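As a plain string of letters, each chain reads:
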Amino acid sequence: MSLSIPHALAVWRRNASMYRRTWKWNILPNFFEPVFYLFSLGIGVGAYISEMSGASYIAFLAPALVCVAAMNGASFEVTYNIFVRLTFEKAYDAMLTTPIEPDDVLAGEILWAVTRACIYGGCFYAVLAVFGLTPLPSSLLVFLLMPLAGLLFAAIGIVFSLRIPNIELFSFYYTLFLTPLFLFSDVFFPLKERLSEPWLWVAEALPLLHPVRLARAAFRGDLSPIVLWDLGYVLGLSLLLLAWARRAARQRLMN
Amino acid sequence: MTSEIIVEAAAVSKRFGTRLAVDHLSLEIPAGVCFGLLGPNGAGKTTTLRMIYGVTRPSSGTIRVFGIDIARDPRAVRSRLGVTLQQNVLIEALSPEENLRVFGRYHLLREPELSRRVNQLLDFLELRSHERLPVRQLSGGFQRRLAIALSLMNQPELLILDEPTTGLDPAVRLALWSRVRDLTATGTTVLLTTHYMDEAQRLCDRVAIISGGKVIDEGAPAALIATHLAPETVELDCTPEEEPILLGGLALPLRRRLRVGRRVMIYLQDASSLVEQIRHRDQGDRREMVIRPANLEDVFLALTGTSLEGGQ
Ligand SMILES: Nc1ncnc2c1ncn2[C@@H]1O[C@H](COP(=O)(O)OP(=O)(O)O)[C@@H](O)[C@H]1O
Ligand SMILES: [Mg+2]
């Protein structure tokens, strides 16, 4: 193990000092996207849907979109931003002239992506609260979920970013991975009412499904035993990918 | 204290695929000196530096810095050295002052030490005039000074400079050289790479001449010139056919003669009598001749048969 928490925090702080400058421009597109979905689908389409899984359609969408906001916040950070720091800005080359080691870089970046997931998820939660869509106190549990969802998508994205040779490949990541996840992870309709039994098992592999299920459980305030499986999935897959990312980071940053 | 060895590389090689970038390179850098790695582009200078501060693993051989095996404890080594990379790595949206602060935190500096050090370096590298402007608005020379300031944040015992003045105008180069002298004067060991022989000659106490990943020779600049060549050089243009007519059978102790295209360089103790004799043989044809001190560029040419700046 060669992780040093103070050095990882120095990496985190570098990103935070940059973000303080640019957050107004950064936060807009990623933050508004789920807000638009909420209004268009929740209020627009929702008018034609009397109920979904026992709730109004907008109440069905709300918790899932908190997860989508967290996913977007983390994903953007570990894809484009990390790739730019890695290949164009060469920020890590500079860090590695100091006592910072690749493990610290990785930890600092993941922590920063988790931070952004929480910022996006938190802002979106505030919007929901304004519209009275956040049952209290149970929905507050999603604040524990946001860092976990952030961690999961930070880990997935960073493995991808460390492995690809050029920035164009991120369009595959977005259109062939994140977009289908967004569309088919229980966000807009309950999979278990639409898919046959064997397909439901396959769907369990989808990473966004688990945070979404956990968010709904939190909003409903009923924690059935299945949340243990969802939590286990999120943590287990995150740790597995982080172990992989450690090797990739070492290979990419040192040679 | 002065006999202490700061960097010790023993038979270090680095292979990238089939390409041998560094080939059984050995170096010893004593404390307090300014040591230059002199070689053309692609000679393996940057790779050697990267191995010394531990971000490139040698394929074979070992490196000790401050007596510590870099493969064992890179953090301990890197906390005591500073590196200015060949390409500036600056945060363009932030000011020089903020860049220094961010970098100071990589070394875990805290207030009030952090601010104290930032202010010292803003003064030392004369960055005050634009301390609050975003870096992207600053000139190349200013950015380079800032990059060097970053590498001094932790008051390094060893400062590594990878081509510190490449692409800078002469005034900025002179200013940087004087900063490097200030640092060596206060006991900092400096290791720099360059493909400018004048930089190596003016700044370095010792140089290692590198070509194809190998150290070809090493020593004080004046000693290298004395060993391989002679103090003075006469340079002239002549065809290979004219050469025996002009220079054949001269009763002079010529140390060495080198040819690059039409240009011939003759190295000897005292140039004046040679010039006279060539004038005599030229029979009134006043051929242009340059008399100058021999330099490291000539040594490189003598050792490798290729020139430094046009290298590869
Ligand atoms: N990461 C790398 N992968 C493959 N080849 C490399 C790598 N780094 C350097 N080289 C090769 O090693 C040789 C030495 O490079 P370098 O150390 O950068 O030379 P210099 O700094 O003297 O110009 C060059 O031929 C270069 O192409
Ligand atoms: Mg180089």
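Residues numbered from 1 in each chain as written. Chains lettered and ligands numbered in written order. Predicted model: local features only at pLDDT ≥ 70, side-chain atom pairs only at ≥ 80, totals over all residues. Heavy atoms only, no water.

Colleague: Honestly, the side chain of B:Arg287 in this entry has me stumped. Any pointers?
Modeller: All names here are of chain B. Looking at where Arg287 falls in the secondary structure, it is placed in the loop between α10 (272-282) and β14 (289-293). Within polar-contact distance, the side chain of Arg287 engages the side chain of Asp282 at 2.9 Å. If near-sequence neighbours (up to four positions away) are discounted, Arg287 is found in contact with Leu236, Asp237, Cys238, Glu242, Leu246, Arg279 and Asp282. (Helix = DSSP H or I, 4+ residues; strand = E, 2+ residues; numbered from the N terminus. Polar contact = N/O pair within 3.5 Å; in protein donor to acceptor, adjacent residues only side chain to side chain. Contact = heavy atoms within 4.5 Å.)

Colleague: What's the story with the environment of B:Glu199 in this structure? I'm lost.
Modeller: Residues and elements named next belong to chain B. Positionally, Glu199 belongs in helix α7 (residues 197-203). For Glu199 and Thr304, which are 105 residues apart along the polypeptide, the C-alpha to C-alpha distance reads 19 Å. Not counting chain neighbours up to four residues away, the residues in contact with Glu199 comprise Pro164, Thr165, Arg173, Trp177, Thr193, Thr194 and Cys204. A polar side-chain atom of Glu199 sits 2.7 Å from a polar atom in the side chain of Trp177.

Colleague: Explain a nonpolar patch on the surface to me, please; I cannot follow it from the model alone.
Modeller: A contiguous nonpolar surface patch, about 330 Å² in accessible area, is contributed by A:Leu3, A:Ile5, A:Leu9 and A:Leu111. Among the structural elements, A:Ile5 can be located in helix α1 (residues 5-44). (Patch = residues over 30% accessible without salt bridge, like charges linked within 9 Å, V, L, I, M, F, W, Y side chains within 5 Å. Areas by Shrake-Rupley, 256 points an atom, 1.4 Å probe, with all protein chains shown as cover. Salt bridge = Lys/Arg side-chain N within 4 Å of Asp/Glu carboxyl O.)

Colleague: What is the right way to read the sheet that holds strand β2 (residues 19-30) of chain B from this model?
Modeller: Note: strands within a sheet are paired through backbone hydrogen bonds, in either parallel or antiparallel orientation. Residues and elements named next belong to chain B. Spatial strand order, β2-β1-β4-β5: four strands in an open sheet with antiparallel pairing. The sheet is open, and its two edges are formed by β2 and β5 (68-69), each paired on a single side. In this sheet, β2 lies alongside strand β1 (residues 5-16) in antiparallel orientation, the contact comprising eight bridges. Note that in β2 the partner of Phe16 across the bridge is Arg19. Lying over the sheet, helix α1 (residues 45-52) contacts β1, β2 and β4 (60-65), oriented at roughly 120° with respect to β1. (Pairing = 2+ DSSP bridges. Axes fitted to C-alpha atoms, helices over the stretch in contact; angles between N-to-C directions.)

Colleague: So what exactly am I meant to see when it comes to the sheet that holds strand β3 (residues 34-38) of chain B here?
Modeller: Residue and element names in this part refer to chain B. In space, the six strands of this open sheet follow the order β6-β7-β8-β3-β9-β10, with mixed pairing throughout. Each edge of the open sheet carries a strand with a single partner, namely β6 (81-84) and β10 (214-219). Across the sheet, the mean angle separating the axes of adjacent strands is 15° when strand polarity is ignored. Strand direction decides the pairing type here: strand β9 (residues 206-211) and β10, joined by five bridges, are antiparallel. Paired with Ile210 across the strands is Val215, a residue of β10. Packed onto the sheet, helix α11 (residues 296-304) meets β3, β9 and β10 and runs at close to 40° relative to β9.

Colleague: Help me out: how do you make sense of the packing of helix α5 (residues 142-163) of chain A against helix α10 (residues 226-253) of chain A in this one?
Modeller: Pairs of packed helices are described in terms of their axes, by the angle between the two and the distance that separates them. Residues and elements named next belong to chain A. Interaxial distance between α5 and α10 falls to 8 Å at its minimum, and their mutual angle equals 30°. The angle between the axes of α5 and α10 places the two elements in the roughly parallel class. Taken as a pair, α5 and α10 cross one another with a handedness that is left-handed. Here the contact of α5 with α10 is built from residues that sort into 18 nonpolar, three polar and two charged. (Parallel < 35°, antiparallel > 145°, perpendicular 65-115°, else oblique. Left-handed = near helix turned anticlockwise from the far one by under 90°. Nonpolar A, V, L, I, M, F, W, Y, C, P; charged D, E, K, R; others polar.)

Colleague: Even after reading the chapter, I still don't get the domain arrangement of chain B, so can you show me in this structure?
Modeller: One frequent convention defines the size of an interface as the accessible area lost when the parts assemble. All names here are of chain B. Taken as a whole, chain B is organised into domain 1 (1-80 + 156-219), domain 2 (92-155) and domain 3 (225-304). Between the C-alpha centres of domain 1 and domain 2 the distance comes to 23 Å. Across the boundary between the two partners, domain 1 contributes 16 residues, which contact 13 residues of domain 2. With both sides pooled, the region where domain 1 packs onto domain 2 buries about 1100 Å², and carbon together with sulfur makes up 68% of that total. A per-residue breakdown of the area domain 1 buries against domain 2 is headed by Pro156, Leu176 and Arg179, which together make up 44% of the total. (Domains from an automatic or database assignment. Buried area = accessible area lost by both parts, 1.4 Å probe.)

Colleague: What is the right way to read the site of ligand 1 from this model?
Modeller: In the neighbourhood of ligand 1, the contacting residues comprise A:Asn255, B:Phe16, B:Arg19, B:Ala21, B:Pro40, B:Asn41, B:Gly42, B:Ala43, B:Gly44, B:Lys45, B:Thr46 and B:Thr47. Ligand 1 sits at a junction of chains, with neighbouring residues supplied by chains A and B. A distance of 3.4 Å is found between a nitrogen atom of ligand 1 and a side-chain nitrogen or oxygen belonging to A:Asn255. Interatomic distance of 3.0 Å between a backbone N/O atom of B:Gly44 and an oxygen atom of ligand 1. Contact with the protein chains hides 66% of the accessible area of ligand 1, taken as 560 Å² for the molecule alone. At the level of secondary structure, the elements contributing two or more residues to the shell around ligand 1 comprise β2 and α1 of chain B. Residues belonging to the shell around ligand 1 are distributed by class as follows: four nonpolar, six polar and two charged. (Near = heavy atom within 4 Å.)

Colleague: Mind showing me how you'd approach the interface of chain B and chain A here?
Modeller: Between chain B and chain A, the residue contacts involve 26 residues of the former and 28 residues of the latter. Between chain B and chain A, a total of about 2400 Å² is buried, with carbon and sulfur atoms accounting for 58% of that surface. Among the residues chain B hides against chain A, the three largest losses belong to B:Arg75, B:Arg78 and B:Tyr106. Together they make up 31% of the total. Across the contact surface, chain B and chain A share three salt bridges. The shortest N-O distance in the salt bridge between A:Arg21 and B:Glu98 comes to 2.7 Å. Connecting chain B to chain A are twelve residue pairs in polar contact (both at pLDDT 80 or more). For the side of chain B that touches chain A, the element with the highest residue contribution is helix α3 (residues 96-106) of chain B, accounting for five residues.

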